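For reference, the chains in residue letters:
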Amino acid sequence: MSDIQLSLLNDFQRGFPLTSTPFDVIAQRLGLDVEALLATLRRLTREGVVSRVGAVFRPNRVGVSTLAAMAVPQGRLDAVARLVSARPEVNHNYEREHRFNLWFVAAAANPAQLEQALHAIERQSGLAVMRLPMVQDYHIDLGFDLRRTVGHGGRQQQKAAPSRPLALDALDYALVEAIQEGLPLVARPYAEVAAFIGTPEADVLIRLGRLLDHGVIKRLGIVVRHHELGFRANAMAVWNIPDQQVDEFGRCVGASGLVNLCYQRPRRLPEWPYNLFCMIHGKDRAAVLQHLDHLRDQCGLTDFPCEVLFSKRRFKQTGARYVAAQPKAEAEAT
């Protein structure tokens, strides 16, 4: 990867310009011709290095989503993984090192649609799906520092979710639907989105700015695929923390600068006693484990029951589809 490509992918994962010609702004900063920049992004998208250029939404602010897990007999794993990945509601699907060996994220416009999808997976597979919706997020930022051996994006300031959620109207939902798979890679992407949903370009820019300000959009920029960029090891570490202390430890982990994700999820006793989750991505297993040791020491987690679930295979990784055509109302959070 050239220095310019590295700068493009590393430095523009957030803060994407809200101006009529955003790619001109980026091209100027990199010293590139805008058509060369667009050609590079299109090629990297075709090659799977770039997932999309666009928005990453805060979970449960537009539609609803959940982490889910299944304990699949090894001989059936490939077939069940194909069944799960075929669902349009599923955006991430991984095999992990655990008795619960298939982990996926599902998203939908509302709780009823999400449950319908999970029930369909259970019915078709004959296996139970363990639902682990988010209770509290302490840090969510899947930006990657491509110049490091562990791919977290550093200590990005975690913007608190507003106490009163932003009320979205029909045009907001149309905008989310239009961009949830990425902005078009053209000279004036916002104008193309505006024409698609039937509103002026200036209105699209104002609405995107408002969604960012209210935390509905976590970040706007280039969304990379970490595996293709050399971050081939990732682990989900889970702890059993007393309920009265989980916020304290969650805030420490989230602010540590050592993780990509940190959140509280419900226990599912007796099979799943863990309530604090974090994700660490690295270029190899040793780097991830070293970071995990630092995290345990930094946040005082050494005495709590913990399991580390390394990813073995990636079956699916796409952007979440929260919104179907013309949703009626803002979905309630899980």
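As the structure is a prediction and not an experimental result, all values here were calculated from the model.

What counts as what
- Residues numbered from 1 in each chain as written.
- Predicted model: local features only at pLDDT ≥ 70, side-chain atom pairs only at ≥ 80, totals over all residues.
- Heavy atoms only, no water.
- Helix = DSSP H or I, 4+ residues; strand = E, 2+ residues; numbered from the N terminus.
- Buried < 20%, exposed > 50% of the residue type's maximum accessible area, 1.4 Å probe, protein only.
- Contact = heavy atoms within 4.5 Å.
- Areas by Shrake-Rupley, 256 points an atom, 1.4 Å probe, with all protein chains shown as cover.
- Axes fitted to C-alpha atoms, helices over the stretch in contact; angles between N-to-C directions.
- Parallel < 35°, antiparallel > 145°, perpendicular 65-115°, else oblique.
- Nonpolar A, V, L, I, M, F, W, Y, C, P; charged D, E, K, R; others polar.
- Pairing = 2+ DSSP bridges.
- Core = buried A, V, L, I, M, F, W, Y, C linked by side-chain atoms within 4.5 Å.
- Disulfide = S-S within 2.5 Å.
- Polar contact = N/O pair within 3.5 Å; in protein donor to acceptor, adjacent residues only side chain to side chain.
- Salt bridge = Lys/Arg side-chain N within 4 Å of Asp/Glu carboxyl O.

Visitor: Kindly report on the overall build of the protein, identifying the contributing residues and their values.
Guide: Looking only at helices and strands, the protein has ten helices and eleven strands in total. Here the protein holds 334 residues, and the buried ones make up 54% of them. If you take every contact in the protein between residues at least 6 apart in sequence, the share linking residues at least 24 apart comes to 77%. As displayed, the protein has an accessible area near 14600 Å², and 50% of this comes from carbon and sulfur atoms.

Visitor: Break down the packing of helix H1 (residues 3-11) against helix H3 (residues 34-46) for me, citing the residues and quoting the values.
Guide: Interhelical geometry of H1 versus H3 gives an angle of 75° and a closest axis separation of 12 Å. If you check the angle between H1 and H3, you find them roughly perpendicular. Contact with H1, carried on its side by Gln-5, Leu-8 and Leu-9, involves Leu-37, Thr-40, Leu-41, Arg-43 and Leu-44 of H3 and no other residues of that element. Among the residues making up the contact of H1 with H3, the classes are represented as five nonpolar, two polar and one charged.

Visitor: Summarise the environment of Ala-194; cite the residues concerned and give the values.
Guide: Within the secondary structure, Ala-194 sits in helix H7 (residues 189-197). Of the residues examined, Ala-194 reaches a relative accessible area of 3% and is grouped as buried. A C-alpha to C-alpha distance of 6.1 Å links Ala-194 and Val-204, two positions ten residues apart in sequence. The residues contacting Ala-194, other than those within four sequence positions of it, are Thr-199, Pro-200, Glu-201 and Val-204.

Visitor: I'd like to hear about the sheet that holds strand S10 (residues 276-282), residue by residue, with values.
Guide: Here we have nine strands laid out as an open sheet, ordered S5-S2-S4-S3-S11-S8-S10-S9-S6, and antiparallel in their pairing. The open sheet has two edge strands with one neighbour each: strand S5 (130-132) and strand S6 (136-140). Across the sheet, the axes of successive neighbouring strands diverge by a mean angle of 25°, strand direction being ignored. Bridge count for strand S3 (residues 90-96) against strand S11 (residues 306-317) is five bridges, and the pairing is antiparallel. Along S11, the bridge assignment pairs Asn-93 with Lys-316. Packing against the sheet, helix H10 (residues 285-299) makes contact with strand S8 (233-239), S10 and S11, and its axis sits at approximately 30° to S8.

Visitor: Quick rundown of the environment of Lys-283? Include the residues and the values.
Guide: Examined against the element boundaries, Lys-283 turns out to sit in the loop between S10 and H10. The spacing of Lys-283 and His-227 is 56 residues in sequence and 8.7 Å in space, taken between C-alpha atoms.

Visitor: Please provide a residue-by-residue account of the nonpolar core, values included.
Guide: Counting residues in hydrophobic clusters, the biggest one holds 46 residues, and the most contacted among them are Leu-8, Leu-9, Phe-23, Phe-57 and Ile-222. Contributions of two or more residues to this core are made by H1, helix H2 (22-30), H3, strand S1 (50-57), helix H6 (170-179), H7, helix H8 (201-213) and strand S7 (217-224). Beyond its immediate chain neighbours, meaning those up to four positions away, Phe-57 contacts Val-62, Val-176, Ile-179, Gln-180, Val-216, Ile-217, Lys-218 and Tyr-322. Ranked by size, the runner-up nonpolar core spans 22 residues in total, among them Ala-235, Phe-249, Ile-280 and Leu-292.

Visitor: Got a sec to walk through the state of the cysteines? Specific residues and values, please.
Guide: Using the criterion set out here, one finds one disulfide in the structure. There is a disulfide in this structure between Cys-252 and Cys-299, and the S-S distance comes to 2.2 Å. Judged by the sign of its S-S torsion, about -95°, the cystine formed by Cys-252 and Cys-299 is left-handed. Separated by 47 residues along the polypeptide, Cys-252 in helix H9 (residues 246-254) and Cys-299 in helix H10 bring together distant segments of the chain. The thiol of Cys-306 is not disulfide-bonded; the next cysteine sulfur, from Cys-278, is found 7.8 Å away.

Visitor: Go over the side chain of Glu-95 with me, naming the residues and quoting the values.
Guide: Structurally, Glu-95 can be placed in strand S3. Assessed through its relative accessible area of 3%, Glu-95 is described here as buried. A polar contact of 2.8 Å, which involves the side chain of Glu-95, links it to the side chain of Arg-313. Not counting residues up to four positions away in its chain, the partners in contact with Glu-95 are Gln-74, Leu-77, Asn-101, Phe-310, Ser-311, Lys-312, Arg-313 and Phe-315.

Visitor: For the pattern of salt bridges, give the residues involved together with the corresponding values.
Guide: Inspection of every chain in the model, using the stated rule, returns 18 salt bridges. Its salt-bridge partner being Arg-285, residue Glu-97 comes within 3.0 Å of it at the nearest N-O pair. Of this pair, Glu-97 sits in the loop between S3 and strand S4 (102-108) while Arg-285 sits in helix H10; the two residues are 188 residues apart in sequence, bridging distant segments of the chain. With a relative accessible area of 32%, Glu-97 lands in the partly exposed category. For Arg-285, a relative accessible area of 41% translates into the label partly exposed. For Arg-296, the salt bridge goes to Asp-293, with nearest N and O atoms at 3.2 Å.

Any link to function would need more than the numbers given here.
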